[in-house]
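# Structure assessment
Each chain, letter by letter, is given below.
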Amino acid sequence: MPYPDVSRVDTVAIVGCGTIGASWAAWFLARGYRVRGWDPSPSAAATVQRTVREAWPSFLALGIATGDAEEALARVTVSGELEAAVDGAGFVQESAPENADVKLPLLERLDKAVGECVIASSTSGFMPSRLQSVMANPGRLVVGHPFNPPHLIPLVEVVGGEQTDPAAVAWALDFYRHVGKRPIHVRKEVPGHVSNRLQVALWREAVHLVAEGVANVADVDAAIADGPGLRWAIMGPHLTFHLGGGEGGMRHFLDHLGGPIESWWDTLGNPSLTPEVRHKLVAGIEEEKAGCDDAALRRQRDERLVELLRLLHPR
């Protein structure tokens, strides 16, 4: 299947306009695209509009967008008719609920409705081979998994399935770069892709430390946010440990600390989310929030993300 030149795409279809889809819509609007959304919910259009308006100050602060949100919203439509929503789209970002009974029939229908373009799924866990199994044109399906919130976090994981055309993977990587994202190529299908596996591996140990009474929820969060998390925002774990090896780099780091680290690996926990553990986590979160509501926490998170992005990704 021939795919359009990435620079010639001017219309993006967002299929599923919940939290992730609306965030994607905001990003593409900020980058100057026309956006056609589809969602069966009667409140979907309002969700997109609210998300765009809330995100726009961040876009202006980052130099991503010009003009105002109302001008951008003039370039978006949200429909309950799938065929109308994807008509003329040069790229499709599917962001339906993470439910196979929803995603698979939708992708089968979407494949029949959309023209010659790549379809990317925002799925956080499904492997593309399963998703494309219901499609007549499976070669154009890739996973294009963002990190939440997509309108701020640069990362997108691109994964091909058993039947994916390598040209579709290459096109998706090129397109995401073109629109200002930081795509990575996940070369082998695994549940959860790369970033989710990394974060749940860390969270497993975080839960273990709370469950065993080593530290409370707030202190475990601080141990990351005010410690290695600051370094990881600049470079990943491998480069961080390479620098930790001094002049000898990673080779010296492995020779010097490889043995102790392996002994720590042997002591890592494997907790179960029992009622007791769940209670500790929920109670710990309430204590850490100290009366701050979730909307305020999200604003605080996004404001700090903008500050960080301005330092790490200046425009």
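Our structure's up above, just so we're on the same page.
Attention here is on the structure that accompanies the text. Quick caveat: nothing in here was measured; it's all calculated off a predicted structure.

### Topic: the overall build of the chain
In terms of helices and strands, the chain carries 14 helices and 8 strands. Projecting the C-alpha coordinates of the chain onto the three principal axes gives extents of approximately 55 × 45 × 45 Å. Considering the chain as a whole, with its 315 residues, one finds that 42% of them fall into the buried category. A sequence separation of at least 24 residues applies to 70% of the contacts in the chain between residues at least 6 apart. The distance from the centre of the 30 positive side-chain charges to the centre of the 39 negative ones in the chain is 4 Å.

### So, the pattern of salt bridges
For the coordinates displayed, the defined rule picks out 9 salt bridges. Between glutamate 98 and lysine 103 there is a salt bridge, with the nearest N and O atoms lying 4.0 Å from each other. Given the relative accessible area of 1%, lysine 103 is considered buried. Residue aspartate 302 pairs with arginine 301 through a salt bridge whose shortest N-O separation is 2.9 Å. Bridged by salt links that share partners, the residues Glu94, Glu98 and Lys103 form one connected network.

### As for the side chain of serine 58
Among the structural elements, serine 58 can be located in helix H2 (residues 44-62). Those residues in contact with serine 58 that sit more than four places away from it in its chain are Leu152 and Val306.

### Focus on the sheet that holds strand S8 (residues 182-186)
Strand order in the open sheet formed by 8 strands is S3-S2-S1-S4-S5-S6-S7-S8, and the pairing between neighbours is mixed. One side of each edge strand has no neighbouring strand; the edge strands of this open sheet are strand S3 (76-79) and S8. Within the sheet, the average angular offset between the axes of one strand and its neighbour, ignoring direction, is 25 degrees.

### Comments concerning helix H1 (residues 19-30)
Helix length check: H1 (12 residues) gives 17 Å between terminal C-alpha atoms against 16 Å at 1.5 Å per residue, within 8%. Of all 12 residues in H1, 10 are buried; the element is thus mostly enclosed. Along H1, the residues classified as buried are Gly21, Ala22, Ser23, Trp24, Ala25, Ala26, Trp27, Phe28, Leu29 and Ala30. Glycine 32 lies just past H1 and shows a positive phi near 95 degrees.

### With respect to a negative patch on the surface
On the surface, Asp219, Asp221, Glu287 and Glu288 cluster together to form a negatively charged patch. Mapping aspartate 221 onto the fold places it in helix H9 (residues 217-225). Relative accessible area serves as the criterion here: at 35%, aspartate 221 is assigned to the partly exposed category.

### Quick notes on the nonpolar core
Phe28, Phe59, Phe91 and Phe175 are the most contacted members of the largest nonpolar core, which has 48 residues in total. When residues in this core are grouped by element, the largest group, 8 residues, is from H1. Not counting the four nearest positions on each side in its chain, phenylalanine 175 is found in contact with Val6, Val9, Val12, Phe28, Tyr33 and Phe91. Residues Val15, Ala85, Leu106 and Leu110 belong to the second largest nonpolar core, which totals 21 residues.

### Thoughts on the packing of helix H11 (residues 237-244) against helix H12 (residues 249-265)
Between H11 and H12, the least distance of the axes is 7 Å, while the angle of their chain directions is 80 degrees. In terms of orientation, H11 lies roughly perpendicular with respect to H12. When H11 is examined against H12, the residues His238, Phe241, His242 and Gly244 are found in contact with a partner set consisting of Gly249, Met250 and Phe253. For the contact of H11 with H12, the class distribution of residues is 3 nonpolar, 4 polar and no charged.

### As for unusual backbone geometry
With omega at 0 degrees, the peptide bond leading from asparagine 148 into proline 149 counts as cis. As for its placement among the helices and strands, proline 149 is situated in the loop between strand S6 (141-146) and strand S7 (155-160). Residue histidine 193 is not a glycine yet carries a positive backbone phi of 60 degrees. If you trace the backbone, histidine 193 turns up in the loop between S8 and helix H8 (195-211).

### So, the pairing of S6
For a regular strand, side chains alternate in direction, first toward one face of the sheet and then toward the other. Within S6, 6 of the 6 residues are buried, leaving the element largely enclosed by the surrounding structure. Side-chain alternation along S6 places Leu141, Val143 and His145 on one buried face and Val142, Gly144 and Pro146 on a second face that is also buried. Where S6 lies against S7, 5 bridges are found, and the strand directions are antiparallel. Opposite glycine 144, over in S7, you have valine 158 as the bridge partner.

### Here we look at the environment of proline 271
Relative to the elements of secondary structure, proline 271 occurs in the loop between H12 and helix H13 (275-289). Overall, the relative accessible area of 23% leaves proline 271 in the partly exposed class. Expressed as a C-alpha distance, the spacing of proline 271 and leucine 209, which sit 62 residues apart in the sequence, is 9.2 Å. If sequence neighbours within four positions are ignored, proline 271 has contacts with Arg204, Val207 and His208.

Cut-off values and rules
- All chains use their own residue numbering, which begins from 1 and follows the written sequence.
- In keeping with the model being predicted, local features are shown solely for residues with a pLDDT of at least 70 and side-chain atom pairs are shown and tallied solely at 80 or more, while totals for entire chains, interfaces and linings include all residues.
- Hydrogens are left out, water is left out, and the side-chain values use all remaining heavy atoms of the structure.
- Only runs of H or I of at least four residues qualify as helices and only runs of E of at least two qualify as strands under DSSP, and these elements are numbered from the N terminus.
- The cut-offs for exposure are 20% and 50% of the maximum accessible area for each residue type, with area from a 1.4 Å probe on protein chains only; residues under the lower value are buried, those over the upper are exposed, and the others partly exposed.
- It only takes one pair of heavy atoms within 4.5 Å for two residues to be counted as in contact.
- Only four residue types enter the charge count: Lys and Arg as positive, Asp and Glu as negative, with His and the chain ends excluded.
- Taken as the charge centre is NZ of Lys, CZ of Arg, CG of Asp or CD of Glu, depending on the residue.
- When a carboxyl oxygen of Asp or Glu lies within 4 Å of a side-chain nitrogen of Lys or Arg, that pair is called a salt bridge.
- In this scheme, strands are said to pair when DSSP sees at least two bridges between them.
- To obtain each axis, a line is fitted to C-alpha atoms, and for helices this fit is confined to the stretch in contact; angles are then taken between N-to-C directions over 0 to 180 degrees.
- Under the convention used throughout, the expected extent of a helix is 1.5 Å for every residue step, that is, one less than its residue count.
- What makes a patch is a set of residues exposed beyond 30% relative accessible area and free of salt bridges, joined within 9 Å when like-charged and within 5 Å when nonpolar (Val, Leu, Ile, Met, Phe, Trp, Tyr).
- For the area figures, the Shrake-Rupley method with a 1.4 Å probe applies, and any residue is considered shielded solely by the protein chains shown.
- Here, nonpolar core refers to any group of buried Ala, Val, Leu, Ile, Met, Phe, Trp, Tyr and Cys residues whose side-chain atoms link them within 4.5 Å.
- Comment on the angle field: the value is read as roughly parallel under 35 degrees, roughly antiparallel over 145, roughly perpendicular from 65 to 115, and oblique elsewhere.
- Each residue is assigned to one of three groups, with Ala, Val, Leu, Ile, Met, Phe, Trp, Tyr, Cys and Pro labelled nonpolar, Asp, Glu, Lys and Arg labelled charged, and all others, Gly among them, labelled polar.

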